[in-house]
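This is what each chain is made of:
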Amino acid sequence: MRFLKGHGTENDFIILPDLGGEAEISASFVARICDRRAGIGADGVLRVMRTKQSHEVAEHAAAAEWFMDYRNADGGVAEMCGNGVRVFARYLIDAGLADQTEFAVATRGGVRRVRVEPNGDITVDMGKPVVGGESVATVGGQEYTGIRVDMGNPHLACATGEPVVQLDLSHQPGFDTGVFPTGVNIELFNPVGPNRAVMRVYERGSGETRSCGTGAVATALAAANLSGETTGTWTVEVLGGTLTVILEEETSHLSGPAVIVASGELMLAE
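Read on for a plain summary of the structure. Only a predicted model underlies this, so the values are computations on that prediction, with no experimental measurement involved. (Residues numbered from 1 in each chain as written. Predicted model: local features only at pLDDT ≥ 70, side-chain atom pairs only at ≥ 80, totals over all residues. Heavy atoms only, no water.)

1. Some thoughts on the nonpolar core
When a protein is soluble and globular, its nonpolar side chains tend to lie buried together. Core analysis: the biggest nonpolar cluster contains 49 residues, and Leu46, Met68, Phe88, Leu92, Val245, Leu247 and Leu254 have the highest contact counts within it. In terms of residue count, helix α3 (residues 213-226) provides more of this core than any other element does, 8 residues in total. Ranked by size, the runner-up nonpolar core spans 13 residues in total, among them Tyr144, Val164, Phe180 and Val184. (Core = buried A, V, L, I, M, F, W, Y, C linked by side-chain atoms within 4.5 Å. Buried < 20%, exposed > 50% of the residue type's maximum accessible area, 1.4 Å probe, protein only. Helix = DSSP H or I, 4+ residues; strand = E, 2+ residues; numbered from the N terminus.)

2. Looking at the pairing of strand β11 (residues 185-193)
As paired strands, strand β10 (residues 154-159) and β11 are joined by 5 bridges and run parallel to one another. Bridge pairing links Ala159 to Phe189 in β11. In this structure, β11 lies alongside strand β12 (residues 196-203), joined through 7 bridges in antiparallel fashion. When the bridges of β12 are listed, Leu188 appears paired with Arg200. (Pairing = 2+ DSSP bridges.)

3. Here's the deal with helix α2 (residues 82-94)
A rise of 1.5 Å per residue sets the reference length of α2, with its 13 residues, at 18 Å; its end C-alpha atoms lie 19 Å apart and thus fit the reference within 8%. Every buried residue belonging to α2 is among Gly82, Asn83, Gly84, Val85, Arg86, Val87, Phe88, Ala89, Arg90, Tyr91 and Leu92, and all of these are buried. (Expected span 1.5 Å × (residues − 1).)

4. Considering the pattern of salt bridges
Per the counting criterion, the structure on display carries 16 salt bridges. Residues Arg36 and Asp12 are paired through a salt bridge, measuring 2.8 Å at the closest nitrogen-oxygen approach. Here the residue Arg36 occupies a position in the loop between α1 (27-34) and β3 (44-50), and Asp12 occupies one in strand β2 (residues 11-17), the gap between them amounting to 24 residues. Arg47 is paired through a salt bridge with Asp18; the nearest N and O atoms lie 2.7 Å apart. Taken together, the positions of Arg47 in strand β3 and Asp18 in the loop between β2 and α1 put the pair 29 residues apart, joining distant regions of the chain. Across the pair, Asp18 and Arg47 agree in class, each one buried. Each of Asp18, Arg47, Glu56, Asp69, Arg71 and Arg108 takes part in a single network of salt bridges with overlapping partners. (Salt bridge = Lys/Arg side-chain N within 4 Å of Asp/Glu carboxyl O.)

5. Some points on the state of the cysteines
A complete count under the given rule lists 0 disulfides for this structure. Left unpaired, Cys158 is separated from the closest cysteine sulfur, that of Cys212, by 13 Å. The class for Cys158 is buried, based on a relative accessible area of 0%. In this structure Cys212 is not part of a disulfide, and its nearest cysteine sulfur, from Cys81, lies 6.5 Å away. Look at Cys212 and you get buried, because its relative accessible area is 3%. (Disulfide = S-S within 2.5 Å.)

In structure tokens form, the structure reads like this:
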């Protein structure tokens, strides 16, 4: 099986082109190839399929030719991945499967429009975040109150009031399983200036990652809420670089670099 490797602010993905929609990909197979010692290593897998070939999203075939079948590093199926969509779009462009500067991609979280910027960055329309109430994450015995944000996948964005670099995210933070029965992506962030925040993230099914696109939007929204704002442009610093989030009344946008770094032949069998 052919594969490619790409990343968006060091949130890295294995890309599996399946243009015929014939591959069978199990959770155990995904976990094996995402293993950083026994496999290729990645935060997740982006399977490239035609939208019409997937029963999950076939109704979106008229709006988007390509479906991003995203899996977390543990093999679990996920609804949405902001950096993943941007890397997915980069692959489509480089492979000649999308020659426009703006096009749509189908995900389990809905159709997302992507745009190539003049500097090569890729921007994705992330849709309107759905804000819930508050909940609590526990890290190293310390509780942090955060805002629940639905980005097509669940998030809990918590302001720490202290530098996030000192937090221990080697283990799953505690959270209310009654509020998040299927798990949650947890962002710990610290505002460091006007419309700027530093973020770390523990992703459901992947552990701590160097970046998280949907998490960056959730963080910008939570940081804006602390400032009494609902719109504006935010810079979110992650371990792997910098992302830009634009909050509008009816939608949000995520922008940053997305690159393909390698391709090859996968020797591990399903």
